[in-house]
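# Report on the structure
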Amino acid sequence: MSQPIRMCIACRERALQSDLQRLQIIDGKLVEFTKAGRSFYVCKTCITCNAKKLLKIVNHRCKTHHQTLSECGKIFKEIGTDG
Ligand SMILES: [Zn+2]
């Protein structure tokens, strides 16, 4: 049985979907995927070790630069610690 492969938006590494975290942006805010709308994947390495790069890419995707590292960091932390 083959699992779907997805790409991390930050490091562009491909990994099993189950090994990636699915996020989306709603009203310029980074949130966990709500099962609706456009989304993207990030790998756990980028969440834990590459948050600054990830933030830059997220802000680019948001088309705003209002997201701060502490805001994103909070979400990354929640994601990084729940499994
Ligand atoms: Zn990555």
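The structure contained in this document is the topic of the report that follows. All residue numbers here refer to positions counted from 1 along the written sequence of the relevant chain. pLDDT decides what is reported in this predicted model: residues at 70 or higher carry local features, side-chain atom pairs at 80 or more are listed and counted, and totals for whole chains, interfaces and linings draw on all residues regardless. To get the side-chain values, take all heavy atoms of the structure and skip hydrogens and water.

### A short note on the pairing of strand E5 (residues 40-43)
We count it as follows: Each residue gets one of three labels from its accessible area relative to the maximum for its type: buried under 20%, exposed over 50%, partly exposed in between, using a 1.4 Å probe on protein chains only. Here a helix means four or more residues in a row that DSSP labels H or I, a strand means two or more in a row labelled E, and each is numbered from the N terminus. Strands pair, by our definition, only if DSSP identifies at least two bridges between them.
Side chains Phe 40 and Val 42 project from E5 onto one buried face, and the interleaved Tyr 41 and Cys 43 project onto a second face that is buried too. Across 4 bridges, strand E3 (residues 20-26) lies against E5 in antiparallel orientation. Following the sheet pairing, Arg 22 is matched in E5 by Tyr 41.

### Observations regarding the coordination of the zinc ion
Basically, it comes down to this: Distances up to 2.8 Å from the metal define which N, O and S atoms are donors, and 3.2 Å serves for Na, K and Ca; water is absent from the atom set, so sites may look incomplete. In these descriptions, tetrahedral denotes four donors with every angle between 85 and 135 degrees, square planar four donors and octahedral six donors with opposite donors over 155 degrees apart and the rest between 65 and 115, and irregular any other case.
Donor atoms from the polypeptide that bind the zinc ion are Cys 8 (SG), Cys 11 (SG), Cys 43 (SG) and Cys 46 (SG), placed at 2.2 to 2.3 Å. Around the zinc ion, the 4 donor atoms are arranged such that angles at the metal cover 104 to 115°; this shape is classified as tetrahedral. Between the donor residues of the zinc ion, the gaps in sequence give the motif C-x2-C-x31-C-x2-C. A relative accessible area of 0% means that Cys 8 is categorised as buried.

### Considering the environment of Leu 20
How we decide: Only heavy atoms matter for contacts: two residues are in contact if any of them lie within 4.5 Å across the pair.
You can see Leu 20 is positioned in strand E3. The exposure class of Leu 20 is buried, given its relative accessible area of 7%. C-alpha separation for the pair Leu 20 and Cys 43, spaced 23 residues apart in sequence, amounts to 4.6 Å. Sequence-distant contacts of Leu 20, that is, excluding residues within four places in its chain, are made with Arg 6, Met 7, Cys 8, Ala 15, Tyr 41, Val 42 and Cys 43.

### Things to note about the sheet that holds E5
The test is simple: Throughout, an axis means a line fitted to C-alpha atoms (over the contacting stretch in the case of helices), and angles, computed between N-to-C directions, take values from 0 to 180 degrees.
An order of E4-E3-E5 is seen for the 3 strands of this open sheet, with the pairing classed as antiparallel. At either end of the open sheet lies a strand with only one pairing partner, and these are strand E4 (29-32) and E5. The average angle at which neighbouring strand axes cross in this sheet is 45°, direction not considered.

### Considering the nonpolar core
For clarity, the threshold we go by: In this description, a nonpolar core means a group of buried Ala, Val, Leu, Ile, Met, Phe, Trp, Tyr and Cys residues linked to one another through side-chain atoms lying within 4.5 Å.
The biggest cluster of nonpolar side chains holds 20 residues, and the ones touching the most others in it are Cys 8, Leu 23, Leu 30, Phe 40, Val 42, Leu 54 and Phe 76. Ignoring anything within four residues of it in the chain, the contact list for Leu 23 reads Leu 30, Val 31, Glu 32, Phe 33, Ser 39, Phe 40, Val 42, Phe 76 and Ile 79.

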